[in-house]
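A look at the structure
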Amino acid sequence: MATNYIGHAALTWLLWPALRSAPASRVVFVSSVGARWPRSFDPADPHFDRRRYTPEAAYAQSKIALLLFAGELHRRAQAAGVPVVSTAAHPGFSDTALMHEAGAQTTGLSRMLNKVVPSVSQPAAQGALPQLFAATAPGVRGGVYYGPNGILGLRGKHPRPTGIPAAARDENRAQQWWETTCVLTKMPFDVAGSARSEQPTHETR
């Protein structure tokens, strides 16, 4: 959660003054097909303090969190009249080193996936296309989720808008998760303003 989500949210908020003042800014959050595992997300237990931890569930939770944040940032920017495009993309099922290098720390599911990845996945360079498309293509819209155009979005050479997983479509949940993110990052944030750290400041007299 810290690596895949909290750091991304905090960086976005810290960069917000520059993003907001630029003539055409985009923020692209990289999610995953793993975000389709809805039971992985528990906003009341983001660090698995009360649940059994597995790498797969933690990974899926962080990717659902990114989609919730991307959608809420889009809605808040629109409501505030801030012309920053907040969108998301995913690489499909790409053959990267992510699972290969997990090694002995992976569960049985990951070890099984390691064996089948080469035969059903696409090259990593092809998996990068949806993210590049979301970041650079004309006409990209905020609040839209982009992915490969193949079956189930697992692979494909032509990025396209894709369905947002059910776990990330609930706007009430997204609003609650936004507030939770303010607590996790210790950075209360207003889209019309900027991030403010809760750390104490020291005045110079």
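Relevant structure appears above.
Figured I'd write up the structure that's included with this text. (Residues numbered from 1 in each chain as written. Predicted model: local features only at pLDDT ≥ 70, side-chain atom pairs only at ≥ 80, totals over all residues. Heavy atoms only, no water.)

Examining helix α6 (residues 171-185)
Convention followed: What counts as a helix is a DSSP run of H or I of at least four residues, what counts as a strand is a run of E of at least two, and both are numbered from the N terminus. Helix span, expected: 1.5 Å multiplied by one less than the number of residues in the helix. We call two N or O atoms a polar contact when they sit within 3.5 Å, provided that within protein one can donate a hydrogen and the other can accept it, with sequence-adjacent residues counted only if both atoms are side-chain atoms.
The first and last C-alpha atoms of α6 sit 21 Å apart over 15 residues, in line with the 21 Å expected at 1.5 Å per residue. The N-cap residue of α6 is Asp170: its side-chain oxygen and the backbone nitrogen of Asn172 are 2.9 Å apart. Where α6 terminates, the next one or two residues include Lys186, which has phi positive at roughly 60°.

Looking at the environment of Ala2
With respect to the helices and strands, the residue Ala2 is situated in helix α1 (residues 2-21). When the C-alpha atoms of Ala2 and Leu184 are compared, they prove to be 9.2 Å apart, with 182 residues separating the residues in sequence.

Observations regarding the pattern of salt bridges
So the rule is basically this: For this document, the term salt bridge refers to a Lys or Arg side-chain nitrogen within 4 Å of an Asp or Glu carboxyl oxygen. Summary of the burial criterion: residues with accessible area below 20% of their type's maximum are buried, those above 50% are exposed, and those between are partly exposed, where the area comes from a 1.4 Å probe applied to protein chains only.
In the structure shown here, the tally under the stated rule is 5 salt bridges. Notably, a salt bridge pairs Glu171 with Arg75, separated by 4.0 Å at the nearest N-O pair. Taken together, the residues Glu171 in helix α6 and Arg75 in helix α2 (residues 55-80) connect sequence positions 96 residues apart. In this structure Glu171 comes out as partly exposed when scored by relative accessible area, which is 44%. Given a relative accessible area of 27%, Arg75 falls into the partly exposed group. A salt bridge links Arg76 to Glu179; the nearest nitrogen and oxygen atoms lie 3.7 Å apart. Note that Arg76 is positioned in helix α2 and Glu179 in helix α6, a separation of 103 residues in sequence.

Regarding helix α5 (residues 129-136)
Threshold: The arc refers to the directions leading from the helix axis to the C-beta atoms. Contacts were defined at the residue level, with two residues in contact if any of their heavy atoms lie within 4.5 Å.
Pro130, Gln131 and Ala134 are the residues of α5 that are buried. Buried residues of α5, viewed axially, fall in a sector of 100°; they line one side. Projecting away from the buried face of α5 at angles above 90 degrees are the exposed residues Leu132 and Thr136. Contacts from the buried residues of α5 go to β1 (25-30), β2 (84-89), α4 (124-127) and β5 (145-147).

Description of the pairing of β2
Selection rule: Pairing between two strands is assigned when DSSP locates at least 2 bridges connecting them.
The element β2 is extensively covered by neighbouring structure, given that 5 of its 6 residues are classed as buried. Across 6 bridges, the pairing between β1 and β2 is parallel. Bridge assignment links Val27 to a residue of β2, and that residue is Ser86. Inspection of the sheet shows β2 paired to β5 by 2 bridges, in the parallel sense. The partner of Ala89 across the bridge, within β5, is Tyr146.

Brief notes about the nonpolar core
Rule in force here: The definition of a nonpolar core used throughout is a set of buried Ala, Val, Leu, Ile, Met, Phe, Trp, Tyr and Cys residues joined through side-chain atoms within 4.5 Å.
Tyr5, Trp16, Phe29, Phe69, Trp178 and Val191 are the most contacted members of the largest nonpolar core, which has 34 residues in total. When residues of this core are traced back to their parent elements, those giving at least two are α1, β1, α2, β2 and α6. The dominant element in this core, judged by the number of residues it contributes, is α2, at 9 residues. If near-sequence neighbours (up to four positions away) are discounted, Phe69 is found in contact with Tyr5, Ala9, Thr12, Trp13, Phe29, Trp178 and Thr181. If you look at the next biggest cluster of nonpolar residues, it comprises 6 residues, including Ala89, Ala134, Ala137 and Val140.

Read these as spatial facts, not as claims about activity.
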